[in-house]
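Each chain, written out:
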Amino acid sequence: MAALAAVVSLAVPTAAQAQYLYNGNGSSVGQIRSDGSVYNSYSSRVGQIRSDGSLYNSYSQRVGKIESNGTVRNSYGSNIGRVESDGSVRNSYGQNIGKIYDDGTVRNGYGQNIGRARGVKKEWAAAFFFFNFFQ
C-alpha cells in the first residue's frame with residue numbers, strides 16, 4: 001500500500017512541488033510547478049516552460065525560448081534579453097533591467113524589490129518577472 005501511495009504522489013503535482021512567486025509586497029502572483037507549468041494567483045494555468053527552454057502560453061502557442069546560454073528570444077526568434085549565470089537580467093541592448101538573487105529575491109534595475117521566487121530557476125523567474133511571457 002505504501003508503494004502505491006509513493007507512486008501516486010509522484011504522478012500528481014502537489015503544493016510541495018510548486019514554487020510560489022510573490023510580488024514586492026509579499027502577495028502571491030503565481031507558481032511554477034516542477035513540470036514547468038505556470039499558474040497565476042487564481043490557480044489558472046497561464047503557460048508552460050519546457051525542458052528545452054521553450055515557453056508556451058495557456059493556448060499551447062510557443063511564445064519564446066530561453067536558450068542554454070541564457071539568451072531569451074521571443075516567438076519570432078528575436079533576441080529580447082539575457083539571463084546571466086549570476087542572475088543578472090539584461091535587455092536586448094545589454095542594459096541591466098534586474099537581478100534574481102540566490103535567495104530568490106527579485107530586484108529591478110534600480111535595485112527595488114519587485115518580488116520573490118525562492119527555489120525557482122533564475123531563467124524561469126526572469127521569464128515571469130521581466131519578460132512577461134505569462135501575463
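The structure under discussion appears in the preceding block.
Presented here is a report on the structure given in the accompanying data block. (Residues numbered from 1 in each chain as written. Predicted model: local features only at pLDDT ≥ 70, side-chain atom pairs only at ≥ 80, totals over all residues. Heavy atoms only, no water.)

Examining the pairing of strand β7 (residues 71-74)
Piece 1. Sheet analysis places strand β6 (residues 62-66) next to β7, joined by three bridges and oriented antiparallel. Note that in β7 the partner of G64 across the bridge is N74.
Piece 2. Linkage of β6 to β7, two consecutive antiparallel strands, is achieved through a turn of four residues, within which G70 is found at a positive phi near 95°.
Piece 3. Pairing between β7 and strand β8 (residues 79-83): three bridges, direction antiparallel. Counterpart to T71 in the pairing with β8 is R82.
Piece 4. In sequence, β7 turns back onto β8 through a hairpin of four residues, with G77 there showing a positive phi of about 90°. (Pairing = 2+ DSSP bridges. Helix = DSSP H or I, 4+ residues; strand = E, 2+ residues; numbered from the N terminus.)

Notes on the packing of aromatic side chains
Piece 1. Within the structure shown, the criterion is met by one aromatic pair.
Piece 2. A ring pair is formed by F128 and F129, whose centres lie 5.3 Å apart and whose planes are at 70°; its orientation type is edge-to-face.
Piece 3. The exposure class assigned to F128 is buried, which follows from its relative accessible area of 6%.
Piece 4. Given the relative accessible area of 15%, F129 is considered buried.
Piece 5. Geometry around Y39 places R33 over its ring, the cationic atom sitting 4.1 Å from the centre.
Piece 6. Against the face of Y56 rests R50, its NZ or CZ located 3.9 Å from the ring centre. (Phe/Tyr/Trp six-rings, centres within 6.5 Å; stacked < 30°, edge-to-face > 60°. Buried < 20%, exposed > 50% of the residue type's maximum accessible area, 1.4 Å probe, protein only. Lys NZ or Arg CZ within 6 Å of the ring centre and 35° of its normal.)

Re the sheet that holds strand β1 (residues 19-23)
Piece 1. The strand order around the closed barrel formed by 12 strands is β1-β2-β3-β4-β5-β6-β7-β8-β9-β10-β11-β12, and the pairing between neighbours is antiparallel. When strand polarity is set aside, the average angle formed by the axes of neighbouring strands in this sheet is 20°.
Piece 2. For strand β11 (residues 105-108) and strand β12 (residues 113-116), the ladder comprises three bridges, and the chain directions are antiparallel. Its bridge partner being in β12, R107 is matched across the sheet by N113. (Axes fitted to C-alpha atoms, helices over the stretch in contact; angles between N-to-C directions.)

So far we have only geometry, and geometry alone does not tell us how the molecule works.
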